Amino acid sequence: MFTGIVTDIGEITRLTPTAQGQLHRLRVACAYDQKTIADGASIACNGVCLTVVASGVEGGKTWFDVDTAAETLRMTTAKNWAVGTKLNLERALKIGDELGGHIVAGHADGVADIVGRDDLPDMARFELSTTRELARFIAPKGSITLDGVSLTVNTVQDVAFSVLIIPHTLSVTTLSGWNQGNEVNIEVDLMARYAARLTEMKV
């Protein structure tokens, strides 16, 4: 489990397609202490929970390897990742850690398209659009995870919604580089999903 609070920005330094392109082995450079990264650990990369299969240090920089499987490549923006792609990183939540964002599973539900960007004094407002299936879980003032970042929904209209990004978030994540036409990973709020399921069930 995660909280949507990004703790580092990593960069893909190696990408190796395997299994006829159905699996990508990624090497991600980061600022984490390599001694704290165990094989089998979970690290959220742009909101996608991936399992560490190896780690090390090269040139004074920590790296870790993860695999993105066919379903991840189909469902998320991982299909577009390349060497040089910057990723929002978050380590798995430990018992006793501060829950600064909201409960995030790291299981991206799909993608959202950025349809507009407004740059405000020290802030940015993004308008996004997603599928009708996912839009029904998005509500004003509710929580949402975009590229691994816990955010509060500002407005909602049909399948479109907006978020307002504060200066701190712009400075410590990749969101400052978002532009109209980009795709981002989206994970809807777990509580909204369970609430919707309850209303669908007949007693």
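Please read all numbers here as calculations on a predicted model, not as lab measurements. (Residues numbered from 1 in each chain as written. Predicted model: local features only at pLDDT ≥ 70, side-chain atom pairs only at ≥ 80, totals over all residues. Heavy atoms only, no water.)

Novice: Outline the nonpolar core, listing residues and values.
Specialist: Ranked by size, the top nonpolar core spans 24 residues in total, and within it L128, I144, L146, F161 and V163 carry the most contacts. Setting aside its immediate chain neighbours within four residues, L146 contacts L128, L151, F161, V163, W178, V184, N185 and I186. Counting residues in each nonpolar core, the second largest holds 19 residues, with L73, A78, W81 and A108 among its members. (Core = buried A, V, L, I, M, F, W, Y, C linked by side-chain atoms within 4.5 Å. Buried < 20%, exposed > 50% of the residue type's maximum accessible area, 1.4 Å probe, protein only. Contact = heavy atoms within 4.5 Å.)

Novice: Tell me about the side chain of T72, residues and numbers included.
Specialist: By secondary structure assignment, the location of T72 is in helix 1 (residues 70-75). With near-sequence residues (within four places) excluded, T72 lies in contact with V48 and A78. (Helix = DSSP H or I, 4+ residues; strand = E, 2+ residues; numbered from the N terminus.)

Novice: Provide a residue-level description of the sheet that holds strand 7 (residues 110-120), including the pertinent values.
Specialist: With respect to topology, six strands assemble into a closed barrel ordered 7-8-11-10-9-12, the strand pairing being antiparallel. Each neighbouring strand pair of the sheet contributes to a mean axis angle of 45 degrees, computed without reference to strand direction. Here three bridges tie strand 9 (residues 143-146) to strand 12 (residues 183-188), and the two strands are oriented antiparallel to one another. Bridge pairing links I144 to V188 in strand 12. (Pairing = 2+ DSSP bridges. Axes fitted to C-alpha atoms, helices over the stretch in contact; angles between N-to-C directions.)

Novice: Please provide a residue-by-residue account of the pairing of strand 8 (residues 123-129), values included.
Specialist: Pairing geometry for strand 7 and strand 8, over seven bridges, is antiparallel. Bridge pairing in strand 8 places I114 opposite L128. Connecting the antiparallel pair strand 7 and strand 8 is a turn made up of two residues, with D122 showing a positive phi of about 70 degrees. Where strand 8 meets strand 11 (residues 160-165), six bridges bridge the pair, whose relative direction is antiparallel. By the bridge assignment, A124 is partnered in strand 11 with I165.

Novice: Account for the environment of L151, naming residues and giving values.
Specialist: Structurally, L151 is set in strand 10 (residues 149-157). Taking the relative accessible area as the measure of exposure, L151 reaches 7% and is therefore buried. Taking the C-alpha atoms as reference points, L151 and H102, 49 residues apart in sequence, are found 8.8 Å from one another. Apart from residues lying up to four places away in sequence, L151 is in contact with G142, S143, I144, L146, V163, I165 and L175.

Novice: Which residues make up the environment of A108, and what values go with them?
Specialist: For A108, the location among the structural elements is in the loop between strand 6 (86-91) and strand 7. Exposure remark for A108: the relative accessible area of 17% places this residue in the buried category. Taking C-alpha positions, A108 is 8.9 Å from L146, a pair spaced 38 residues apart along the chain. Setting aside anything within four residues of it in sequence, one finds A108 in contact with G47, V48, M75, T76, N185, I186 and E187.

Novice: Pulling in residues and values, what's your account of the packing of aromatic side chains?
Specialist: Within this structure, the stated rule accounts for one aromatic pair. Taken together, a centroid distance of 5.2 Å and an interplanar angle of 75 degrees make the contact between F126 and W178 edge-to-face. In this pair, F126 is assigned in strand 8 and W178 in the loop between helix 3 (167-172) and strand 12, connecting sequence segments 52 residues apart. Positioned over the ring face of W63 is R27, at 3.5 Å from the centre of the ring. If you follow R91 out to its NZ or CZ, it ends over the ring of Y32, 5.0 Å from the centre. (Phe/Tyr/Trp six-rings, centres within 6.5 Å; stacked < 30°, edge-to-face > 60°. Lys NZ or Arg CZ within 6 Å of the ring centre and 35° of its normal.)

So far we have only geometry, and geometry alone does not tell us how the molecule works.
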